[in-house]
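Tertiary structure, described
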Amino acid sequence: MHDTPFNGRAPSAIPVTAYNASDLQNEINNFLLGQIYVFDDPLTQQSPPESPTFGRAQGTYSFVSREEFVAYVSYTVTIQTGKYKGSTLNILGANPNAKPIKTCAIAGGTGHFILARGILTSQVLNLFGPFNASATLINHATIYLD
Amino acid sequence: MHDTPFNGRAPSAIPVTAYNASDLQNEINNFLLGQIYVFDDPLTQQSPPESPTFGRAQGTYSFVSREEFVAYVSYTVTIQTGKYKGSTLNILGANPNAKPIKTCAIAGGTGHFILARGILTSQVLNLFGPFNASATLINHATIYLD
Amino acid sequence: MHDTPFNGRAPSAIPVTAYNASDLQNEINNFLLGQIYVFDDPLTQQSPPESPTFGRAQGTYSFVSREEFVAYVSYTVTIQTGKYKGSTLNILGANPNAKPIKTCAIAGGTGHFILARGILTSQVLNLFGPFNASATLINHATIYLD
């Protein structure tokens with residue numbers, strides 16, 4: 001999963017809220033509390049961004065803490081190739097950016113993943129770009145379908 | 001389900017993000033990536049909007065793709081009449097607008113729908129209004145309660 | 001759970017959408033339809049705000065009705081102390097502010113709460129501050145883990 005909010009004319013994530021207005025309200029807000037991003041991140045089979053894409057992660061993440069960077073995520077994973085083509089999983093959760101392994105919940109799915117529950121763990125492989133904000137994430141889903 | 005973002009002084013869905021700012025960042029963004037709508041759509045028993053209302057669908061949808069119109073939805077269905085009055089279902093999912101039958105996941109509920117899982121399928125019956133953006137949707141929920 | 005949107009320089013909830021723009025579209029919108037708040041609310045063991053904190057509720061709530069105050073919530077509860085430290089629960093739902101006991105669905109969790117389903121009920125203990133908008137909520141979670 002490749003999240004590139006600072007990618008020139010084609011970022012994969014866009015901040016959409018009136019952050020400046022929020023900032024004025026708080027005067028001191030170092031951790032972007034109140035900023036919501038909408039994202040469309042490609043999922044690739046291996047970690048290089050040019051590796052074949054097999055799906056998308058699409059939804060929102062919001063910064064939800066005054067004390068550290070914590071992203072509340074709400075999104076859908078859609079598989080676009082292979083056996084599970086067209087199936088989806090929904091992901092919900094909040095994790096501090098500083099946590100080495102992030103864990104979110106799987107909250108339902110469609111197609112092969114109907115009734116899915118479980119967890120999705122994410123590990124940041126590398127950070128790059130301005131502010132070290134762009135990231136490649138290695139995700140692993142544990143899915144229960146009964 | 002009647003979604004009428006272009007309904008003069010009483011739209012059922014309102015765009016709330018600073019789309020123009022996002023647009024500037026992207027320069028070319030034909031599919032509204034970054035635009036979040038908040039909606040309060042009536043649910044009627046038959047397809048005409050004047051048919052009796054039995055509930056509301058209330059939450060957000062966000063456009064989450066640069067390549068086509070894809071709406072990520074996150075909302076609650078509240079039943080307001082009959083046997084299931086006061087019960088709710090939560091819906092999550094992402095679907096391209098162009099897909100004839102859209103499928104979302106049911107992620108929990110309350111009242112009669114406690115512990116609910118399942119899927120909600122939606123079919124667009126007709127599009128009308130400016131930009132053909134307003135829609136009547138026929139929804140069908142398959143609910144598992146065990 | 002303490003929600004204090006009007007707390008001077010350190011509010012626990014921040015309105016982030018261009019409400020004025022939405023308002024203009026609607027001309028009459030007394031119930032904030034379209035306003036999204038991002039929040040970081042402390043969870044305390046007893047109701048006084050100075051009672052020991054055992055976790056956070058972090059996410060968003062959006063006003064989703066033109067006819068009454070209805071908040072659509074989407075957030076994660078993270079336990080920060082004791083046996084369940086690091087475990088999380090996701091909460092989804094919509095409730096009129098006027099409803100005495102609000103009920104939301106639990107949509108998955110992590111750690112001890114993996115596969116969690118159930119409901120979360122909330123009762124407003126008191127309202128205070130400008131517009132009586134800040135609130136202390138007593139929450140009770142019924143969690144199913146099988």
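One numbering rule holds for all chains: residues counted from 1, following each sequence as written. Whichever chain is written first becomes A and whichever ligand is written first becomes 1, with later ones labelled in order. The predicted nature of this model means local features are confined to residues of pLDDT at least 70 and side-chain atom pairs, given and counted, to a pLDDT of 80 or more, with totals for whole chains, interfaces and linings taken over all residues. Values shown for side chains rest on all heavy atoms present in the structure; no hydrogens or waters enter the calculation.

1. Looking at the overall build of chain A
A run of H or I in DSSP counts as a helix once it spans at least four residues, and a run of E counts as a strand once it spans at least two, with each numbered from the N terminus. Within chain A, the regular secondary structure consists of 1 helix and 9 strands. Going from the N terminus to the C terminus, chain A shows its helices and strands as β-β-α-β-β-β-β-β-β-β. We call a residue buried when its accessible area falls under 20% of the maximum for its residue type, exposed when it is over 50%, and partly exposed in between, using a 1.4 Å probe and counting protein chains only. By the burial criterion, 53% of the 146 residues in chain A qualify as buried. Here, residues are in contact when the closest pair of their heavy atoms is within 4.5 Å. Sequence separation of 24 or more characterises 41% of the internal contacts of chain A that already satisfy a separation of 6 or more. A total accessible area of about 6,300 Å² is found for chain A, and carbon and sulfur atoms account for 58% of it. Computed by Shrake-Rupley with a 1.4 Å probe, the accessible areas treat only the displayed protein chains as cover when residues are assessed.

2. Quick notes on the interface of chain C and chain B
On the side of chain B, 28 residues touch chain C, which itself brings 28 residues to the contact. Between chain C and chain B, roughly 2,200 Å² of surface is buried when both sides are summed, and carbon and sulfur atoms account for 59% of that area. A pairing counts as a salt bridge when a side-chain nitrogen of Lys or Arg comes within 4 Å of a carboxyl oxygen of Asp or Glu. Remark: the boundary between chain C and chain B carries 0 salt bridges. Polar contact criterion, stated in full: a pair of N or O atoms within 3.5 Å, where within protein one must be able to donate a hydrogen and the other to accept it, and residues adjacent in sequence count only if both atoms are side-chain atoms. Summed over the shared surface of chain C and chain B, the result is 7 residue pairs in polar contact (both at pLDDT 80 or more). Of all the elements, strand β7 (residues 101-110) of chain C adds the most residues to the side of chain C that touches chain B, at 4 residues. Accessible area that two parts lose when put together, with a 1.4 Å probe and added across both, is what the buried area reports.

3. Overview of the nonpolar core
Nonpolar side chains tend to gather and get buried jointly when the protein is soluble and globular. Ile36 and Leu92 of chain A, Ile36 and Leu92 of chain B together with Ile36 and Leu92 of chain C are the most contacted members of the largest nonpolar core, which totals 33 residues. In this structure, Ile36 of chain B is in contact with Val16, Ile36 and Val38 of chain A, Ile14, Pro15, Val16, Thr17, Thr60, Tyr61 and Ser62 of chain B together with Ile36 of chain C, ignoring residues within four places of it in sequence. Only buried Ala, Val, Leu, Ile, Met, Phe, Trp, Tyr and Cys residues count toward a nonpolar core, and they belong to the same one when joined by side-chain atoms within 4.5 Å.

4. Overview of the pairing of strand β3 (residues 36-44) of chain B
Residue and element names in this part refer to chain B. β3 sits mainly inside the fold: 8 of its 9 residues count as buried. Here strand β2 (residues 13-15) runs beside β3; their pairing, made up of 3 bridges, is antiparallel. Within β3, the position partnered with Ala13 by the bridge is Phe39. For two strands to be treated as a pair, DSSP must find no fewer than two bridges joining them. As paired elements, β3 and strand β4 (residues 53-63) share 9 bridges and run antiparallel to each other.

5. Thoughts on the interface of chain C and chain A
Counting from both sides, the interface comprises 28 residues of chain C and, opposite them, 28 residues of chain A. Carbon and sulfur atoms supply 59% of the area buried between chain C and chain A, which totals about 2,300 Å² over both sides. Summed over the shared surface of chain C and chain A, the number is 0 salt bridges. Summed over the shared surface of chain C and chain A, the number is 7 residue pairs in polar contact (both at pLDDT 80 or more). Going through the elements one at a time, β2 (13-15), β3 (36-44), β4 (53-63), β5 (70-79), β6 (88-96) and β7 of chain C are the ones with two or more residues in the side of chain C that touches chain A.

6. Notes on unusual backbone geometry
Here the phi dihedral of Leu32 of chain B falls at roughly 60°; this positive angle occurs in a residue that is not glycine. For Leu32 of chain B, the location among the structural elements is in the loop between α1 (19-26) and β3.

7. Quick notes on the relation of the copies chain C and chain B
Each copy superposes on the other: chain C lies on chain B with an RMSD of 0.0 Å after a rotation of 120° and an axial shift of 0.0 Å. The superposition operator between the copies reduces to a three-fold rotation axis. Interface overlap between copies: only 14% of the residues of chain C at the interface are likewise at the interface in chain B, consistent with a contact formed by different surfaces. Copies overlap after least-squares fitting; the atoms used are the C-alpha atoms of residues with pLDDT of at least 70 in both.

8. Brief notes about the state of the cysteines
Two cysteine sulfur atoms form a disulfide, by the criterion used here, when they sit within 2.5 Å. With the rule as written, the count across this model stands at 0 disulfides over all chains. This cysteine, Cys104 of chain A, is not joined by any disulfide, and Cys104 of chain B carries the nearest cysteine sulfur, 19 Å off. Using a relative accessible area of 9% as the deciding quantity, one classes Cys104 of chain A as buried.

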